[in-house]
Amino acid sequence: MLEVRELTKSFSGFTAVNQASLTVAEGDIHAVIGPNGAGKSTLFNLITGHLIPDSGEVTLKGERLTGLAPHAVVRRGLGRSFQRISVFLRMTVWENVQIALVAKDAREFCFWKPLQNEKEKIAQLLETVRLEEEAKVVAGELSYGKQKQLELALALAGEPRVLLLDEPTAGMSPRETEESILLITKIVKERGVTLLFTEHDMNMVFGIANRISVLHHGAVIASGTPDEVRGNHAVQEVYLGRPTH
Ligand SMILES: Nc1ncnc2c1ncn2[C@@H]1O[C@H](COP(=O)(O)OP(=O)(O)O)[C@@H](O)[C@H]1O
Ligand SMILES: [Mg+2]
């Protein structure tokens, strides 16, 4: 589904992502882990077109994404959320989703025509992320966890085939983290969406991912099933800081 080939990105001589390659199969729940500063967000920004790599390429179902602008990448079927909140804080939950749907339908370019089944689509997305009750609430007044749920609805509005979530649970309590991860997993399974995500809670990562890639100093040092990664010597030494013998 998604193929990342030897991406490299430097910032004024500092290599943040170094020859990173990943293969994400359709239906995979693929986690990218690594300590702070390992290059996870940079890697995601390279995949989504928010940053241009120095070298390497990304393809989605064989189609090259590298070189396309972020909105064009979204239209090819790749949705994302950011590590920091990116919703319209002064608009209601309902309006936020409405705008995301308009943005998607701008493809067909008929702003003057009401969107087909718009209300049902909004209601359905809000139900999916469990925000039905908050439809009329201004987004800035939602709890942090609920703003993240709204962000997820906005990403889903684009009907992505692959969803990239950069630390979807950053700043959440352990309980919110667990609920949120379970909700995300349920949604991607129900919708048949392929998921590539970063997450700091290792219990959650090893509990839900079927593939894990480990980044360290911008390079992928291991990639495989949770068991393979758990048993990988380099990962234990470098990432978990627990040398084994
Ligand atoms: N725009 C930038 N300019 C300079 N350095 C950057 C920029 N973005 C990220 N970096 C650096 O690249 C490294 C990787 O950052 P990042 O991708 O955010 O890591 P992670 O998401 O794994 O914590 C860090 O050392 C960070 O300081
Ligand atoms: Mg990050």
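To be clear, the structure that these remarks concern was listed above.
Definitions and cut-offs
- Residues numbered from 1 in each chain as written.
- Chains lettered and ligands numbered in written order.
- Predicted model: local features only at pLDDT ≥ 70, side-chain atom pairs only at ≥ 80, totals over all residues.
- Heavy atoms only, no water.
- Salt bridge = Lys/Arg side-chain N within 4 Å of Asp/Glu carboxyl O.
- Helix = DSSP H or I, 4+ residues; strand = E, 2+ residues; numbered from the N terminus.
- Buried < 20%, exposed > 50% of the residue type's maximum accessible area, 1.4 Å probe, protein only.
- Expected span 1.5 Å × (residues − 1).

## Focus: the pattern of salt bridges
For the coordinates displayed, the defined rule picks out nine salt bridges. Note that R5 and E57 form a salt bridge whose closest N and O atoms lie 2.5 Å from each other. Of this pair, R5 sits in strand β1 (residues 2–11) while E57 sits in strand β4 (residues 55–60), and the two are 52 residues apart along the sequence. We note a salt bridge from K146 to E134, for which the minimum N-O separation is 2.6 Å. Linking K146 in helix α5 (residues 144–157) with E134 in the loop between α4 (118–128) and α5, this pair joins segments that are 12 residues apart in sequence. Residue K146 is classed as partly exposed on the basis of its relative accessible area, which comes to 29%. Residue class for E134 comes out buried when judged on its relative accessible area of 13%. Each member of the salt-bridge network shares a partner with another, and the members are R5, E57 and R64.

## With respect to α5
Look at α5: 20 Å from first C-alpha to last across 14 residues, which is about the 20 Å you get at 1.5 Å a residue. Counted residue by residue, α5 has 12 buried out of 14 residues, so it is predominantly covered. Within α5 the residues assigned to the buried category are G145, Q147, K148, Q149, L150, E151, L152, A153, L154, A155, L156 and A157. Once α5 finishes, E159 follows within two positions and takes phi at roughly 50 degrees, a positive value.

## What about unusual backbone geometry?
Notably, Q19 is not glycine yet its phi reads approximately 55 degrees, a positive angle. Along the polypeptide, Q19 turns up in strand β2 (residues 14–24).

That is the geometry; function is a separate question.
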